[in-house]
Amino acid sequence: MKLRYALCLSGLLCMQAIAAEPANIPQFSRVQSDYLLACGGCHGESGVSNSRLVPDLRNQVGYFLNTPQGRRYLVQLPNVVTSALDDAALAGVLNFMVWDIGGAGVPARASRYTAPEVSMLRREPLNTVSLKDYRRQLVESLIAEHGAPPAMRYYSTAAEAMR
Ligand code: HEC
């Protein structure tokens, strides 16, 4: 470290020394940074944060795509609808969330979110229902009919729910 700064005193050598520095800094794609900035603060880098307060996304959120209502729910949530991301970027983040974080529950026939779909659903936010009741209804049908894990009821990671 010290050596590198010493080299920096002599112009060109400095640039070479820095260029030779191994890339330890994580590199994020556009969609990953969008997710991290817009959602990751609450949901965690890999879709898990405080599982009692914020639903796990990792290995769970994909199940919602088994029903049309569940698919819409993922976009119509207050924190999603009001995101600062534009429709195309939000569609990208939702696809990242479902396919890269969501896990095995995504049905094979599911299609990716598009900007026009997101744009339409954003005009119908879930602000006139009790989110808790609405989610309970969705999750019960996913558990009963689509093999979703019962732990989804409690927002929790499976391990936490077993306690
Ligand atoms: C301020 C914190 C916060 C931010 C930012 C946030 N969320 Fe959430 N999210 C929550 C909370 C809390 C819930 C539980 C429902 C509720 O109260 O809205 C939730 C629920 C969800 C759910 C429902 C999962 C389930 O199992 O029911 C999804 C999907 C989701 N958020 C995706 C996102 C995406 C995508 C973004 C970014 C565009 C985002 N959230 C941004 C806090 C946040």
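Structure's up top.
## Some points on the overall build of the chain
Consideration 1: Assigned secondary structure in the chain consists of nine helices and zero strands.
Consideration 2: For the chain, the α and β elements follow one another from N to C terminus as α-α-α-α-α-α-α-α-α.
Consideration 3: Sorting the 163 residues of the chain into buried and exposed places 39% on the buried side.
Consideration 4: Long-range contacts, defined here as pairs at least 24 residues apart, represent 64% of the contacts in the chain between residues at least 6 apart.

## Focus: the site of the ligand
Consideration 1: Not every one of the 19 residues close to the ligand is listed here, only the nearest: Cys-39, Cys-42, His-43, Tyr-73 and Arg-135.
Consideration 2: His-43 has a polar side-chain atom sitting 2.9 Å from a nitrogen atom of the ligand.
Consideration 3: Between Arg-135 and the ligand, the recorded distance is 2.5 Å, taken from a side-chain N or O atom to an oxygen atom.
Consideration 4: When residues of the shell around the ligand are traced back to their parent elements, those giving at least two are α3 (30–43), α4 (68–76), α5 (78–81), α6 (87–101) and α8 (131–146).
Consideration 5: Ranked by the residues each element gives to the shell around the ligand, the list is headed by α3, at four residues.

## Focus: the pattern of salt bridges
Consideration 1: Here the structure, examined in full by the defined rule, presents five salt bridges.
Consideration 2: For Arg-71, the salt bridge identified is with Glu-117, shortest N-O distance 2.7 Å. Taken together, the residues Arg-71 in helix α4 and Glu-117 in helix α7 (residues 115–122) connect sequence positions 46 residues apart.
Consideration 3: With a relative accessible area of 13%, Arg-71 lands in the buried category.
Consideration 4: Looking at Glu-117, the relative accessible area reads 19%, which means it is buried.

## A closer look at the coordination of the iron atom of the ligand
Consideration 1: Only one protein atom coordinates the iron atom of the ligand: His-43 (NE2), located 2.1 Å from the metal.
Consideration 2: Locating His-43 in the fold gives a position in helix α3.

## Some remarks on the packing of α4 against α8
Between two packed helices, the angle of one axis relative to the other and the distance separating the axes together describe the packing.
Consideration 1: At a minimum axis distance of 10 Å, the contact between α4 and α8 shows a crossing angle of 145°. When the axes of α4 and α8 are compared, the crossing they make is left-handed. Only Leu-131, Tyr-134, Arg-135, Gln-137 and Leu-138 of α8 make contact with α4, whose side of the interface consists of Gln-69, Gly-70 and Tyr-73.
Consideration 2: A breakdown of the residues in the contact of α4 with α8 according to their chemical character gives four nonpolar, three polar and one charged.

## Let's talk about the environment of Asp-86
Consideration 1: Note on placement: Asp-86 falls in the loop between α5 and α6.
Consideration 2: Residue classification places Asp-86 among the partly exposed positions, given a relative accessible area of 48%.
Consideration 3: Taking C-alpha positions, Asp-86 is 9.4 Å from Val-118, a pair spaced 32 residues apart along the chain.
Consideration 4: A distance of 3.2 Å separates the side chain of Asp-86 from the backbone nitrogen of Ala-88, its partner in a polar contact.
Consideration 5: A polar contact of 2.8 Å, which involves the side chain of Asp-86, links it to the backbone nitrogen of Ala-89.

## Topic: the nonpolar core
Consideration 1: Ranked by size, the top nonpolar core spans 35 residues in total, and within it Phe-64, Tyr-73, Leu-74, Leu-94 and Tyr-113 carry the most contacts.
Consideration 2: Elements that contribute at least two residues to this core include exactly α3, α4, α6, α7 and α8.
Consideration 3: At nine residues, the largest contribution of residues to this core is made by α6.
Consideration 4: Not counting residues up to four positions away in its chain, the partners in contact with Leu-74 are Val-61, Phe-64, Leu-65, Val-80, Leu-94, Met-97, Val-98 and Tyr-113.

Reading the values: the criteria
- Residues numbered from 1 in each chain as written.
- Predicted model: local features only at pLDDT ≥ 70, side-chain atom pairs only at ≥ 80, totals over all residues.
- Heavy atoms only, no water.
- Helix = DSSP H or I, 4+ residues; strand = E, 2+ residues; numbered from the N terminus.
- Buried < 20%, exposed > 50% of the residue type's maximum accessible area, 1.4 Å probe, protein only.
- Contact = heavy atoms within 4.5 Å.
- Near = heavy atom within 4 Å.
- Polar contact = N/O pair within 3.5 Å; in protein donor to acceptor, adjacent residues only side chain to side chain.
- Salt bridge = Lys/Arg side-chain N within 4 Å of Asp/Glu carboxyl O.
- Donors = N, O, S within 2.8 Å, 3.2 Å for Na, K, Ca; no water.
- Axes fitted to C-alpha atoms, helices over the stretch in contact; angles between N-to-C directions.
- Left-handed = near helix turned anticlockwise from the far one by under 90°.
- Nonpolar A, V, L, I, M, F, W, Y, C, P; charged D, E, K, R; others polar.
- Core = buried A, V, L, I, M, F, W, Y, C linked by side-chain atoms within 4.5 Å.

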